[in-house]
Amino acid sequence: MTKNILPGTFLSSAIGLAALTGCTSLQSVSVTQIPSDRSRPLHAEVSNTALLGIHFSNDFIEPLTAELMRQCPRGRVTGILTKQEASLYIIVQTRRVVATGFCVYDPPPAPPSDATAMQEIH
Amino acid sequence: MQRFLPLFLGFAPSLVGCATLHRAQLDEIDGQYGRLVPFEIHVSEMGVNTKAVGQIASIAMKSARSSQIASLVAPFQYGPKTGNVVYDDQFADVVATTILERCPTARVTGLMSLRESTNYYAVSSEYVTVRGYCIVD
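Let me begin by describing the structure that accompanies this report.

Thresholds, definitions, all that
- Residues numbered from 1 in each chain as written.
- Chains lettered and ligands numbered in written order.
- Predicted model: local features only at pLDDT ≥ 70, side-chain atom pairs only at ≥ 80, totals over all residues.
- Helix = DSSP H or I, 4+ residues; strand = E, 2+ residues; numbered from the N terminus.
- Buried ≥ 20, exposed ≤ 12 C-beta atoms within 10 Å, placed from the backbone.
- Contact = placed C-beta atoms within 7 Å.
- Nonpolar A, V, L, I, M, F, W, Y, C, P; charged D, E, K, R; others polar.
- Axes fitted to C-alpha atoms, helices over the stretch in contact; angles between N-to-C directions.
- Parallel < 35°, antiparallel > 145°, perpendicular 65-115°, else oblique.
- Left-handed = near helix turned anticlockwise from the far one by under 90°.
- Pairing = 2+ DSSP bridges.

## Description of unusual backbone geometry
Residue and element names in this part refer to chain B.
Now for step 1: Unlike most non-glycine residues, A106 shows phi in positive territory, near 60°.
Now for step 2: By secondary structure assignment, the location of A106 is in the loop between helix 4 (95–102) and strand 5 (108–120).
Now for step 3: With 9 C-beta atoms packed within 10 Å, A106 lands in the exposed category.

Dropping the structure here:
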């Protein structure tokens, strides 16, 4: 009796575990110039979940830029790694866009020195 | 009329449209100089799913010929592509000039480029969306 139940239980547990881990795919990756000052890392993420993977709009991505700007007020966000991925959990699909980067505050441009200014005149 | 009812019911869910995001790319955001004014550019082109068109034609005409023709056409559209095939692959070329029209100062930052589709079974809308900020003052 035990002999008959065990393989079935094992098989269904294996299938259940496999389904819980989800099937993940990476759809696009992009990166911008990486700064030398990487002391202020940033992270922003937006996601959207739908039954059977039927999504009615892509508006979920809109807050991503605003979120990065919020974390770096009046600064420059650079070295942005944008990653778009999707995970499928049997009948539910989650789309996720993750952006990581660095907040940089550039020093104000130095006024031209007298020697430079003289060179420009001549 | 009753003849078309199953056909309509079968394809009714697809009329809502299924949105797909193919690619998302985010560029540098510079909030240090001037005021940022957001803008959005949206260009689109109609895409066609040949196989689905063949299936619909076959159901409507009660003949397998349309599906067979679609199967013959399909190998000519083979290859890597994003979304459905379109009639004009240059529909997104206007994006750069449109950005300059929206932002005459040409100081642009925080560009987010998206490649999207909305599928309506046999046809689709193939989009390129660019959102960004124009630096003014």
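## Section: the interface of chain B and chain A
When the parts of a complex come together, some accessible area is lost, and that lost area is often taken as the interface size.
Now for step 1: Taken together, the contact pairs 20 residues of chain B with 26 residues of chain A.
Now for step 2: Of all the secondary-structure elements, those providing two or more residues to the side of chain B that touches chain A are strand 1 (18–26), strand 2 (29–30) and strand 5 of chain B.
Now for step 3: Looking at the side of chain B that touches chain A, the element that brings in the most residues is strand 1 of chain B, giving eight residues.
Now for step 4: The residue makeup of the side of chain B that touches chain A, split by class, is nine nonpolar, six polar and five charged.

## A word on the packing of helix 2 (residues 50–61) of chain B against helix 3 (residues 65–73) of chain B
Residues and elements named next belong to chain B.
Now for step 1: Between helix 2 and helix 3, the least distance of the axes is 7 Å, while the angle of their chain directions is 165°. Judged on the interaxial angle alone, helix 3 and helix 2 are roughly antiparallel. Judged by the sense of rotation from one axis to the other, the crossing of helix 2 with helix 3 is right-handed. Residues T50, K51, V53, G54, Q55, A57, S58 and M61 of helix 2 lie in contact with helix 3, whose contacting residues are S66, S67, I69, A70 and V73.
Now for step 2: When its residues are assigned to classes, the contact of helix 2 with helix 3 shows six nonpolar, six polar and one charged.

## Focus: the sheet that holds strand 5 of chain B
Residue and element names in this part refer to chain B.
Now for step 1: Reading across from one edge, 1-5-6-3-4 is the order of the five strands in this open sheet, with antiparallel pairing throughout. Of all the strands in the sheet, the pair left with one neighbour each is strand 1 and strand 4 (85–86).
Now for step 2: Of the strand pairs in this sheet, strand 1 and strand 5 are connected by eight bridges, and their pairing is antiparallel. The residue of strand 5 that forms the bridge with T20 is S117.
Now for step 3: Sitting on the sheet, helix 4 is in contact with strand 3 (35–48), strand 5 and strand 6 (123–136), with an inclination near 150° to strand 3.

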